[in-house]
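Observations on the model geometry
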Amino acid sequence: MGATPRNTDCIFCKIIGGEIPCSKVFESETVFAFLDIAPVNLGHALVIPKGHYPQLGELPIALGNDLLEALKVVGNAVMQAAKAEGLNIGMNNFEAAGQLVMHAHFHVIPRFADDGLTLWPSKKYTSMDEMNSLAETIRNLIK
Ligand code: AMP
Ligand code: ZN
């Protein structure tokens, strides 16, 4: 996978390097996790690769297993510690999607049936043709 990239201006790289304190909950050779300082619900954690990759698009596929394992163990522990009834895993990519820190990260958010949070509102396709045509465009871009 090559040397782990680091960005000296990045707040999350500084947290991994110990230059900025954090409430760490998990660490492996490649992945780090700590509590979000402004939690959606108490126990909200951030799971991040130790390497500085800005968004999902830059994440090496080889990190996939490590990230999934971390999301599972951190998610489980967060749910238990917060006595939560549910769990959201979320990732913001680019400013338009609400990404403030440009070091790829996954939000691990404990949820409760009565926490009052609602996720995204839903829109409607004007027709099945519109929906199928968009699906075809996406399929062709993946090929
Ligand atoms: P995002 O909007 O997806 O980029 O999320 C960035 C998250 O990082 C926000 O939820 C912030 O509350 C969190 N955050 C920023 N600085 C720190 C910090 N020093 N320690 C813990 N969490 C932080
Ligand atoms: Zn970074």
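So, here is what we can say about the structure in this document. (Residues numbered from 1 in each chain as written. Chains lettered and ligands numbered in written order. Predicted model: local features only at pLDDT ≥ 70, side-chain atom pairs only at ≥ 80, totals over all residues. Heavy atoms only, no water.)

Overall, antiparallel pairing links the five strands, which are arranged β1-β2-β3-β5-β4 in an open sheet. Where the open sheet ends on each side, the last strands, each with one partner, are β1 (24-27) and β4 (86-90). Here the average twist between neighbouring strands, direction ignored, is 20 degrees. For β4 and strand β5 (residues 106-111), the ladder comprises five bridges, and the chain directions are antiparallel. Looking across to β5, one finds that L87 is bridged to P110. (Pairing = 2+ DSSP bridges. Helix = DSSP H or I, 4+ residues; strand = E, 2+ residues; numbered from the N terminus. Axes fitted to C-alpha atoms, helices over the stretch in contact; angles between N-to-C directions.)

Note that G57 resides in the loop between β3 (45-49) and α2 (64-82). A residue is classified by how much of its surface remains accessible, and G57, at 74% relative accessible area, is exposed. For the pair G57 and W120, spaced 63 residues apart in the sequence, the C-alpha separation amounts to 23 Å. (Buried < 20%, exposed > 50% of the residue type's maximum accessible area, 1.4 Å probe, protein only.)

This brings us to the coordination of the zinc ion (ligand 2). Every protein donor of the zinc ion (ligand 2) is listed here as C10 (SG), C13 (SG), H52 (ND1) and H103 (ND1), and their distances to the metal cover 2.1 to 2.3 Å. Each of the four donor atoms bound to the zinc ion (ligand 2) contributes to angles spanning 105 to 117 degrees, and the resulting shape is tetrahedral. Between consecutive donor residues of the zinc ion (ligand 2), the sequence gaps follow C-x2-C-x38-H-x50-H. With C13 in helix α1 (residues 11-16) and H52 in the loop between β3 and α2, this residue pair connects regions lying 39 residues apart in the sequence. Classification of C13 by relative accessible area gives buried; the value is 2%. The class of H52 is buried, set by a relative accessible area of 14%. (Donors = N, O, S within 2.8 Å, 3.2 Å for Na, K, Ca; no water. Tetrahedral: all angles 85-135°; square planar, octahedral: opposite > 155°, others 65-115°.)

It is worth spelling out α2 at this point. An ideal rise of 1.5 Å per residue puts 27 Å on 19 residues; α2 measures up with 26 Å between its terminal C-alpha atoms. Every buried residue of α2 is listed here: L67, A70, L71, V74, G75 and V78. Viewed end-on, α2 has its buried residues packed into an arc of 125 degrees, placing them on one side of the element. Exposed and oriented more than 90 degrees from the buried face of α2 are N65, L68, E69, K72 and Q80. Looking at the packing, one finds that the buried side of α2 touches β1, β2 (31-35), β3, β4 and β5. Positive phi shows up at K83, right after α2, with a value of about 55 degrees. (Expected span 1.5 Å × (residues − 1). Arc of directions from axis to C-beta. Contact = heavy atoms within 4.5 Å.)

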